[in-house]
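A structural walkthrough
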Amino acid sequence: SRSYYVYIMTDSSHNTLYTGVTNDLLRRVWQHKNGMGGEFTKRYKVKLLVFFVETDDVYAAIAEEKRIKGGSRAGKIKLIEQQNPEWRDLSADW
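Reading guide: rules and limits
Residues numbered from 1 in each chain as written. Predicted model: local features only at pLDDT ≥ 70, side-chain atom pairs only at ≥ 80, totals over all residues. Heavy atoms only, no water. Helix = DSSP H or I, 4+ residues; strand = E, 2+ residues; numbered from the N terminus. Expected span 1.5 Å × (residues − 1). Buried < 20%, exposed > 50% of the residue type's maximum accessible area, 1.4 Å probe, protein only. Arc of directions from axis to C-beta. Contact = heavy atoms within 4.5 Å. Polar contact = N/O pair within 3.5 Å; in protein donor to acceptor, adjacent residues only side chain to side chain. Salt bridge = Lys/Arg side-chain N within 4 Å of Asp/Glu carboxyl O. Phe/Tyr/Trp six-rings, centres within 6.5 Å; stacked < 30°, edge-to-face > 60°. Pairing = 2+ DSSP bridges. Axes fitted to C-alpha atoms, helices over the stretch in contact; angles between N-to-C directions. Lys, Arg positive; Asp, Glu negative; His and termini not counted.

Remarks on helix 3 (residues 58-70)
For helix 3, which comprises 13 residues, the first-to-last C-alpha distance of 18 Å matches the rise-based estimate of 18 Å (1.5 Å per residue) to within 8%. The set of residues buried in helix 3 consists of A61, E65 and I68. Around the axis of helix 3, the buried residues are gathered within 70 degrees of arc, so they sit on the same side. Facing away from the buried surface of helix 3 by more than 90 degrees, the exposed residues are Y59, K66, R67 and G70. Contacts made by the buried residues of helix 3 are with strand 1 (4-10), strand 2 (17-22), strand 3 (48-55) and helix 4 (73-83). Among the residues of helix 3, the N-terminal cap falls to D57, whose side-chain oxygen and the backbone nitrogen of Y59 are separated by 2.9 Å.

Rendered as structure tokens:
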């Protein structure tokens, strides 16, 4: 079965939080890091992966992305800090 990922990326000062969904997290993070994530992520230099969840249900992934995107900044920060309290770049070792 396929995997789908909902993820949050940020810039080095953690000002901007970008939430996305993908079926290939490695490729997608590489794209963001290399300025190919789209205009928004290029402009705000969103290169650090600070949160992700995996599911095999594409509809669940899309619903979770919408839920996170529709939530507050505080809600996103809480999600990140539950999984990654130091705000490490989770893709640093890939």
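Read on, since the account is not over.
What to know about the pattern of salt bridges
Think of it this way: side chains of opposite charge can pair up when their charged atoms draw near. What the rule picks out here adds up to six salt bridges. Measuring nitrogen to oxygen at the nearest pair gives 3.9 Å for the salt bridge that ties R88 to E86.

Some details on the packing of aromatic side chains
Each aromatic ring pair is characterised by the separation of its centres together with the angle its planes make. Taken as a whole, this structure holds five aromatic pairs when the rule is applied. For the ring pair Y18 and F40, a centre distance of 5.9 Å and an interplane angle of 35 degrees mean the geometry is tilted. In this pair, Y18 sits in strand 2 while F40 sits in helix 2 (residues 39-43), placing the two residues 22 residues apart along the sequence. Here Y18 falls in the buried class, since its relative accessible area comes to 17%. Note on F40 and Y44: the rings are 4.8 Å apart at their centroids and 45 degrees apart in plane angle, and the pair reads as tilted. Among the aromatic residues, those joined into a cluster by ring pairs are Y7, Y18, F40 and Y44.

Some thoughts on the sheet that holds strand 1
Taken in spatial order, the three strands make up an open sheet running 2-1-3, and their pairing is antiparallel. The open sheet has two edge strands with one neighbour each: strand 2 and strand 3. With strand direction ignored, the average angle separating the axes of adjacent strands in the sheet is 20 degrees. Alignment of strand 1 against strand 3, held across seven bridges, turns out to be antiparallel. Looking at the pairing, Y5 lines up with E54 of strand 3. Of the strands in this sheet, strand 1, strand 2 and strand 3 are in contact with helix 1 (residues 25-33), which crosses strand 1 at around 25 degrees.

With respect to the side chain of R28
Within the secondary structure layout, R28 lies in helix 1. An unpaired buried charge is present at R28: no salt bridge exists, and E65, the closest side chain of opposite charge, is 8.6 Å distant. Those residues in contact with R28, other than ones at most four positions away along the chain, are Y7, Y18, T22, M36 and G37.

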